[in-house]
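# What the coordinates show
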Amino acid sequence: EQVENLPLNGRNWVDLTLLSPGSRQNFIAETPGASFQLNVDGQQVTQLIATTFGQPRFSKDTIAEFEVITNRFDARQGRSTGMQVNAITKSGTNSAAGSVSGYFRDDKFNAEDPIQHRVLPYSNQQFSTTYGGPILRDRFHYFASFEYEREPYVRTYSSPFPSFNVDQPGTRTEKKGGVRLDYQFSPRTRLTTRLNVQRSYDPLDARWSGGNLHPASATAVPKESESLANRLTHVIGDRAVNEFAVNWNRYHWKTQPIVNWPNHPLAPFGMTNGSPTIQLRGYRIGQQHNRSPQILTEKGPSIRNDFTYGFNKGGRHDLNLGAEYVYSSQPIFLGINSNGFLDVQGGPIPANIEQLFPVWNDISTWNLNALSPITRFYQLAVGDFESNNPITSVAGWAQDDWTMGRLTLNLGVRYDIIKGTYGESRGFDPWLQPNRPLDKNNIQPRLGFAYSLNERTVMRGGWGLFYGGGTGSA
């Protein structure tokens, strides 16, 4: 009910992590922090290529509940030295029910931009619908959702050169859909299957558009993600539960400069977009992001098993034994400096700089020869910009939550081994040799306690070791 009723500008449910005790963020874009892990229905869905960007997005109307863990993780959770975000999606019930909603924003309610001294064109429309119910009463249920967002905007520029300060209109779109099926084989056995798909497109990514930039910096970013999760839950006797899960995820996105370069020096290799970067004193013309174009993909399966057993001996014990396998294939194209970098900081910016670049998106009109007197150097990367560095993660753990009256002890140990996160199989002569040994000393004890002083006061504490992989190649 809180997730549904709390107001959210943009309806990104991850923004609600700001309300969690211990949260150190003051703004949420796509991720709740640089080091984090997002788990949905018990399975990791975080992509590892660039953890601060391009994470999968789920409609707010599909999230039943979530928790944010910012301090002590128990042994069941790992591969993050920051926070864990755990979410559970909604399921259908015996009562058929759905929702239709719309959320709208418009620049009629906006104040004047303090830099442009005018109200900038902007609007946003979000439409969401859900429906769930029984296929077979008391046994087979479904829940489906679809959300569409459309956001027309204008990117403006505020450089010292008036002819470069054009308005660039664009429309960001995002589509999110999913379906969840729950089948009850018997009172003790249930299968859950969930499929989620996301498609988004931003023609002028805010990171490389607007502000004190040249309009040729504009970069389009399409993103895609798919997640297929299957979980079999089986109750064993009166004390034990086993959960077996198989998941498959795929993430794909590009950073594609919008300026077309007909005579690109790497056109024989299929590159036709982008522009050279021209670095003047205090101003940069052309492509701002020297790692574009990019084509980044991550995909692969994961398998997890959790066995939970409860018993009484000197208090209440909830024992969990588990293991997990995650494989991530990462075929990427990363065009670092593939469009060239021209350093022209050997003198002040020419007074006629606007005449030297008369059409911002037509490179054939740019007069680079006139910059020769202040040119210091030119760089252009050539070669193979494609790579695939798969990551394999294996983990095992044991966790016991032992309650004795007012005191609960959390006793756990976890072991992780992650192959590929630092590219151990690759060499970089003469500094790094290939097939470097893995760090296998990753035993992680986890200790914690909670003591209830009275009905309104609880004292908590804990200690543990945590291991996480790198933040990715992008």
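Everything below is about the structure printed above this text.
## Let's talk about the overall build of the protein chain
Looking only at helices and strands, one finds two helices and 23 strands in the protein chain. The principal-axis extents of the C-alpha atoms in the protein chain amount to approximately 85 × 60 × 45 Å. Burial status across the protein chain gives 45% buried among its 474 residues. Contacts in the protein chain between residues far apart in sequence, at least 24 positions, make up 67% of those at least 6 positions apart. Put simply, the protein chain shows about 23800 Å² of open surface, and 56% of that area lies on carbon and sulfur atoms. Each charge class in the protein chain was averaged separately, 46 positive and 42 negative side chains, and the resulting centres sit 4 Å apart.

## Structural notes on the packing of aromatic side chains
Counting across every chain of the model gives 13 aromatic pairs. Taking the centre distance of 5.8 Å and the plane angle of 65° together, the rings of Phe-161 and Phe-164 count as edge-to-face. Across the pair, exposure class does not vary: Phe-161 and Phe-164 are buried alike. What links up through ring pairs into an aromatic cluster is the set Phe-140, Tyr-183 and Phe-185.

## Details of the nonpolar core
Core analysis: the largest hydrophobic core is formed by 19 residues, its most contacted members being Trp-13, Leu-38, Val-45, Phe-58, Trp-253 and Leu-296. For Phe-58, the residues in contact, after removing those within four places along its chain, are Trp-13, Val-40, Val-45, Ile-63, Lys-176, Arg-194 and Asn-196. Residues Phe-161, Leu-342, Phe-357 and Leu-371 belong to the second largest nonpolar core, which totals 18 residues.

## Details of empty space enclosed by the protein
The full count for this structure, using the stated rule, is five cavities of 30 Å³ or more. Here the second largest cavity defines a volume of roughly 110 Å³. Around the second largest cavity, the lining is made up of 14 residues, and of these Asn-249, Glu-298, Gly-300, Val-326 and Tyr-327 lie nearest the centre. Among the elements of the structure, strand 11 (240-257), strand 14 (294-312) and strand 15 (316-328) are those that each provide at least two residues to the lining of the second largest cavity. Per-element tally for the lining of the second largest cavity: the top contributor is strand 14, with five residues. Residue composition of the lining of the second largest cavity, grouped by class: six nonpolar, six polar and two charged.

## With respect to the layout of surface pockets
If a probe the size of a water molecule is rolled over the atoms, the empty space left behind becomes visible. Considering only enclosed or pocket space, the second largest pocket measures out at about 860 Å³ in volume. Forming the walls of the second largest pocket are 37 residues, and the residues nearest its centre are Asp-41, Gly-42, Ile-88, Arg-231 and Glu-243.

## Details of the sheet that holds strand 17 (residues 341-343)
Overall, mixed pairing links the four strands, which are arranged 13-12-17-18 in an open sheet. Here the strands that pair on one side only, and so sit at the sheet edges, are strand 13 (283-286) and strand 18 (377-379). Averaged over all adjacent pairs, the angle separating strand axes in this sheet is 15°, with direction ignored. Both strand 12 (residues 277-280) and strand 13 contribute to a ladder of four bridges, which runs antiparallel. Following the sheet pairing, Ile-278 is matched in strand 13 by Ile-285.

About the criteria used
Residues numbered from 1 in each chain as written. Predicted model: local features only at pLDDT ≥ 70, side-chain atom pairs only at ≥ 80, totals over all residues. Heavy atoms only, no water. Helix = DSSP H or I, 4+ residues; strand = E, 2+ residues; numbered from the N terminus. Buried < 20%, exposed > 50% of the residue type's maximum accessible area, 1.4 Å probe, protein only. Contact = heavy atoms within 4.5 Å. Areas by Shrake-Rupley, 256 points an atom, 1.4 Å probe, with all protein chains shown as cover. Lys, Arg positive; Asp, Glu negative; His and termini not counted. Charge placed at Lys NZ, Arg CZ, Asp CG, Glu CD. Phe/Tyr/Trp six-rings, centres within 6.5 Å; stacked < 30°, edge-to-face > 60°. Core = buried A, V, L, I, M, F, W, Y, C linked by side-chain atoms within 4.5 Å. 1 Å grid on protein atoms, 1.4 Å probe; cavity = no way out; pocket = protein on both sides within 12 Å on 5 of 7 lines; lining within 4 Å. Points joined across faces, edges and corners; volume = space filled by probe spheres on them. Nonpolar A, V, L, I, M, F, W, Y, C, P; charged D, E, K, R; others polar. Pairing = 2+ DSSP bridges. Axes fitted to C-alpha atoms, helices over the stretch in contact; angles between N-to-C directions.

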